[in-house]
Amino acid sequence: MQVTFKPIRSIRLKVFPSGEVRLSVPENTPEEFIARLLLEKQAWVDKRLELFRQTAPIEKEDTIRTGTATRILGRQLLIKVRSAPRKQIVRDDRFLLIYTPTPENQDDIDRQFQNWWQKNAKRYFQETLDRFFPIVEKHGVKCPTIVVKKMQTLWGSCSRAKGNITLNYYLYKAPVACIEYTILHELIHFLYPRHDRNFYNLLTIHMPDWQERKKLLDYEIVRGV
């Protein structure tokens, strides 16, 4: 349990999928009040922690099956595999529904999921790139091509010579803010190859909170990936 005193007016109690529990309280809040509050909220905290344990998402999906979970754009979704005449994958606010005529064929389900993920991740990355591209376009940069592949150590990279931005297959798990940061980061490299003052100045102008986004991506989303 992490208790932080902040210049805020209301109390904020958060439970994260990682198992971390954070309590933010106004400055000068009495310790007796905090202790009583935590005692009252203990059942709620335990319930949330148990829910996260039961639905822990598969961060590197090797096998897709009913009852597990994944994360898309920062949102945790339960997976359900259902028998159907034709293949289809549907996503809503709570579930990722995989329809297949061969529910007993695990390899086929895994391929269906990976193909769907690759296609949708690339489409979303392209839409995000299109929104940020004008920032560098006015400096004469040509629109790069998006490539999506599984990478072990990088969220993204760019090749100025080939005109490509390569994004990690698993980046589609991250919240929108983190994806935006990664893509803008790589776009700016077409102007400034190095992480020098010019690079960070332009990044800060167009994304003042980039450090918070990077921290979330590197210290939260990276777990298990």
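Up top you'll find the structure we're talking about.
Bear in mind that the values here come from a model prediction, so they are computed numbers and not experimental data.

Moving on, we get to the overall build of the chain. Helix and strand counts for the chain come out as 6 helices and 10 strands. In terms of overall dimensions, the chain has C-alpha extents of about 60 × 55 × 25 Å along its principal axes. Per-residue burial for the chain yields a buried fraction of 41% across its 225 residues. For the chain, contacts bridging at least 24 residues in sequence account for 42% of all contacts bridging at least 6. Entry remark: accessible area of the chain is about 13300 Å², with carbon and sulfur atoms responsible for 49%. Taken as two groups, the 38 positive and 26 negative side-chain charges of the chain have centres that lie 4 Å from each other.

Reading across the sheet, the 4 strands line up as β4-β5-β7-β6 and stay open at both edges, with mixed pairing between neighbours. Across the chains shown, the open sheet's two edge strands, defined by having one partner strand only, are β4 (69–72) and β6 (88–91). Going across the sheet, the axis of each strand differs from the next one's by a mean of 30°, ignoring polarity. Direction of pairing for β6 relative to strand β7 (residues 95–100): antiparallel, over a ladder of 4 bridges. Bridge pairing in β7 links R91 to L96. Packed on one face of the sheet, helix α2 (residues 106–132) meets β4, β5 (75–83), β6 and β7 and runs near 125° to β7.

Cut-offs and rules
Residues numbered from 1 in each chain as written. Predicted model: local features only at pLDDT ≥ 70, side-chain atom pairs only at ≥ 80, totals over all residues. Heavy atoms only, no water. Helix = DSSP H or I, 4+ residues; strand = E, 2+ residues; numbered from the N terminus. Buried < 20%, exposed > 50% of the residue type's maximum accessible area, 1.4 Å probe, protein only. Contact = heavy atoms within 4.5 Å. Areas by Shrake-Rupley, 256 points an atom, 1.4 Å probe, with all protein chains shown as cover. Lys, Arg positive; Asp, Glu negative; His and termini not counted. Charge placed at Lys NZ, Arg CZ, Asp CG, Glu CD. Pairing = 2+ DSSP bridges. Axes fitted to C-alpha atoms, helices over the stretch in contact; angles between N-to-C directions.

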